[in-house]
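# Working through the structure, step by step
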Amino acid sequence: VQGQIDPANGSTNNNDVTAVQEDNVVSSQNGEVTPTKLGIMEKLSSKMSKKSTAVQKDECVKFKLVEDIRLVTIPITTCLLVLLSYIIFGAILFASWEDWSYLDGAYFCFTSLMTIGFGDFVPGNSYIYNVSENMSEKEANAKLVLGAIYILLGMGIIAMCVNLMQEKIITQVRLLVRTLGLVREFRDVEGEPI
């Protein structure tokens, strides 16, 4: 009750005055109403006590949002563009280092990154086994090390892109199958689709 007026003498009844009101006004013992600012902790505790069931629903919603973020997929065209650009970069790099054609460089990069590796093109074959005067040993070793780093890094990029494309294709196929009604949705204990 907010400060009732006593009809007998017109004064405020201090026994029924509340200490804290919704609009941040506090009534003092002498009947004056003074505005105060509630602390952050008091506001949070009052809201939390009023909405304990709503907090449980909010936590559930937050969990679902995190779950939905995992379902975000990368477009297949982006993955193919990354793969193609990495192979083209390697083709230009090895064609200039090894005096191969661009097609031979691309062939070497593709077979090496896909772990096929026929062995018909080997980097360093021209300057390791045939010592030439126009290239130093340090430069030849640097090319071999950089070529190995290119292959190792590329294998990781290839594996990542193939995995992302696989996830995207599986997601699209599941959506298509469910849309056509060929497979019914399985639901977990709470009734959410799996």
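This write-up is about the structure you can find in this document.

The rules behind these values
Residue numbering note: each chain is counted from 1, following its sequence as written. The predicted origin of the model limits local features to residues at a pLDDT of at least 70 and limits the giving and counting of side-chain atom pairs to 80 or more, whereas totals for whole chains, interfaces and linings rest on all residues. Excluding hydrogens and water, the side-chain figures rest on all heavy atoms present in the structure. Note on ring pairs: Phe, Tyr and Trp rings are taken, using the six-membered ring of Trp, and paired if centres are within 6.5 Å. Classes follow the plane angle, with under 30 degrees stacked, over 60 edge-to-face and the rest tilted. Here a helix means four or more residues in a row that DSSP labels H or I, a strand means two or more in a row labelled E, and each is numbered from the N terminus. Each residue is assigned to one of three classes by its accessible area relative to the maximum for its type, calculated with a 1.4 Å probe on protein chains only: buried under 20%, partly exposed between the two thresholds, exposed over 50%. In plain words, nonpolar cores are sets of buried Ala, Val, Leu, Ile, Met, Phe, Trp, Tyr and Cys residues tied together by side-chain atoms within 4.5 Å. Between two residues, a contact is recorded if the distance between any of their heavy atoms is within 4.5 Å.

### A look at the packing of aromatic side chains
The final tally for this structure, using the stated rule, is nine aromatic pairs. Here the aromatic rings of F94 and W97 are separated by 6.0 Å at their centres, their planes lie at 85°, and the arrangement is edge-to-face. Residue F94 and its partner W97 are both found in helix α3 (residues 76–98); the two are separated by three residues, about one turn of the helix. The burial state of F94 is the same as that of W97; both residues are buried. Within the aromatic cluster, the residues linked to one another by ring pairs are Y86, F89, F94, W97, W100, Y107, F108, F121 and Y150.

### Comments concerning the nonpolar core
Judged by nonpolar contacts, the single largest core of 17 residues is most densely connected at F94, F108, C109, L113 and Y150. Only α3, α4 (102–113) and α6 (137–180) provide two or more residues apiece to this core. If near-sequence neighbours (up to four positions away) are discounted, F108 is found in contact with F94, W100, F121, P123 and I151.

### Quick notes on unusual backbone geometry
Not every positive phi belongs to a glycine, and D99 is a case in point at roughly 60°. By the secondary structure assignment, D99 is in the loop between α3 and α4. Taking relative accessible area as the criterion, D99 reaches 69% and is therefore assigned exposed. Backbone geometry places T115, a non-glycine residue, at a positive phi of 60°.

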